[in-house]
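For reference, the chains in residue letters:
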Amino acid sequence: MAPARKKTLLFLLKLLFSSGALYVVFMKAGPHDVLGLMKSITPWSFVSAVALYLAAQFLSSVRWMFLLPTRMGLVRLFRLYMLGSFFGTFLPGLVSGDAVKAYYLYRETAKGAEALSSTFMDRYIGFAALMALGTLAYPLGFRYLRGSWIQWTLPALVVLFVLASFLFFRLRLGRRIGVLRDAYGIFPVYLKDSGLMAKTFLLSVAVQALGIFAVYILAGGLGRHLPLWSLFIFLPIVITLSALPVSVSGLGIREASMVLLLGAVGVSPAAATAISLAWMLSVITGSLAGLFEYFRGRDNPVPT
């Protein structure tokens, strides 16, 4: 099968999965109830969530700047970050936001290994911070989760993350992936620099916390005042499941996960679905800044 046809077929399968998952969620939540809640959201909460998303993207750009061996201006990196955000959001399942960032960085530096390794480490450290925040919050909520199927979900994800990190960095299993082969020459430089790792990890904690606070504010804007600890436990699970390559940008998986997890703290399916959709819309709105940046650079090709 031709690569383009195979890519299209894979996208259609993901779209089918997302559509099916959303259908199940809406049948459980009630589409009219979800729409009614969405209409009731306070404008300030939505605008605040968008602002927090943009702030998180800016801090992520600072983290990326620290990880880049080649010196680049922060403003330019922020623009590349927003380009990646836009393409990853508006061409879901077809173009990866990380691939877009690495692509444009390579165009400017002509250093493929640096572009790939810095983009990978940027994502990896961010995920490590997410797992760390969930682990720290877990003892606060364990008594509410005891006896439910959710009880060991986060610990299992943390263990799998640690195991995958060991296999990837220590046993270097990623060398079998062609595009990562050259990047393995740079990974040890990052891992041996404890100051760099600490600095980028702390930035990642701030980035993840901003995202969690955005969801907390959106929930409040919908009239649902959730325990903050619950989001620090549940969102790492939601984000991890949404990253699985079986749906279109996590659509459907994210909503189903929110319904199941937030139900543990008494949130109705309709409210959980509305919170998830409001979160997605705030990200889409914030990502529109990348469209401006794309048209600003008239010679920008569309990554494929």
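If you're wondering where the values come from, they're calculated on a predicted model, not measured in any experiment.

Cut-offs applied
- Residues numbered from 1 in each chain as written.
- Predicted model: local features only at pLDDT ≥ 70, side-chain atom pairs only at ≥ 80, totals over all residues.
- Heavy atoms only, no water.
- Helix = DSSP H or I, 4+ residues; strand = E, 2+ residues; numbered from the N terminus.
- Salt bridge = Lys/Arg side-chain N within 4 Å of Asp/Glu carboxyl O.
- Buried < 20%, exposed > 50% of the residue type's maximum accessible area, 1.4 Å probe, protein only.
- Axes fitted to C-alpha atoms, helices over the stretch in contact; angles between N-to-C directions.
- Parallel < 35°, antiparallel > 145°, perpendicular 65-115°, else oblique.
- Left-handed = near helix turned anticlockwise from the far one by under 90°.
- Contact = heavy atoms within 4.5 Å.
- pLDDT = per-residue confidence, 0-100.
- Phe/Tyr/Trp six-rings, centres within 6.5 Å; stacked < 30°, edge-to-face > 60°.
- Lys NZ or Arg CZ within 6 Å of the ring centre and 35° of its normal.
- Bend = angle between axes of the 7 residues up to and from the residue.

## Here we look at unusual backbone geometry
Consideration 1: Phi at Ser249 is positive, roughly 55°, even though this residue is not glycine.
Consideration 2: Along the chain, Ser249 turns up in the loop between α10 (228–242) and α11 (253–262).

## Thoughts on the pattern of salt bridges
Consideration 1: Per the stated rule, a full pass over the model turns up eight salt bridges.
Consideration 2: Across the pair Arg76 and Glu108 runs a salt bridge whose closest N-O atoms are separated by 2.4 Å. Here the residue Arg76 occupies a position in helix α4 (residues 74–90), and Glu108 occupies one in helix α5 (residues 97–109), the gap between them amounting to 32 residues.
Consideration 3: We classify Arg76 as partly exposed; its relative accessible area is 23%.
Consideration 4: For the salt bridge of Arg123 with Asp98, the shortest nitrogen-to-oxygen distance reads 2.9 Å.

## Brief notes about the packing of α11 against helix α12 (residues 269–296)
Consideration 1: At a minimum axis separation of 8 Å, α11 and α12 run at an interaxial angle of 135°. With respect to their mutual orientation, α11 and α12 come out oblique. Read as a crossing pair, α11 and α12 show a hand that is right-handed. Where α11 approaches α12, its residues Arg254, Glu255, Met258, Val259 and Leu262 are matched on the opposing element by Pro269, Ala272, Thr273, Ile275, Ser276, Leu277, Trp279 and Met280.

## Quick look at the environment of Val50
Consideration 1: As for its placement among the helices and strands, Val50 is situated in helix α3 (residues 43–67).
Consideration 2: Separated by 164 residues in the primary sequence, Val50 and Ala214 place their C-alpha atoms 7.8 Å from one another.
Consideration 3: Residues in contact with Val50, not counting those within four places in the same chain, are Ser282, Thr285 and Gly286.

## Examining the confidence of the model for the protein chain
Consideration 1: Taken residue by residue, the protein chain gives an average pLDDT of 87. The fraction at 70 or more is 93%.
Consideration 2: The weakest mean pLDDT in the protein chain belongs to α5 at 84; the strongest belongs to helix α9 (residues 194–221) at 96.

## Some thoughts on the packing of aromatic side chains
Consideration 1: Tallying each qualifying case throughout the model produces 15 aromatic pairs.
Consideration 2: Relative to Phe169, the ring of Tyr124 has its centre 5.0 Å away and its plane inclined at 70°; by these criteria the two rings are edge-to-face. Taken together, the residues Tyr124 in helix α6 (residues 112–145) and Phe169 in helix α7 (residues 153–170) connect sequence positions 45 residues apart.
Consideration 3: A relative accessible area of 14% places Phe169 in the buried class.
Consideration 4: The cationic tip of Lys101 hangs over the ring face of Trp64; the distance from NZ or CZ to the ring centre is 5.6 Å.
Consideration 5: The ring of Phe66 is capped by Lys199, whose NZ or CZ atom sits 4.2 Å from the centre of that ring.

## Side note on α6
Consideration 1: At Pro139, α6 shows its maximal bend, which comes to roughly 60°.
Consideration 2: A positive phi of about 95° marks Gly147, the residue just after α6.

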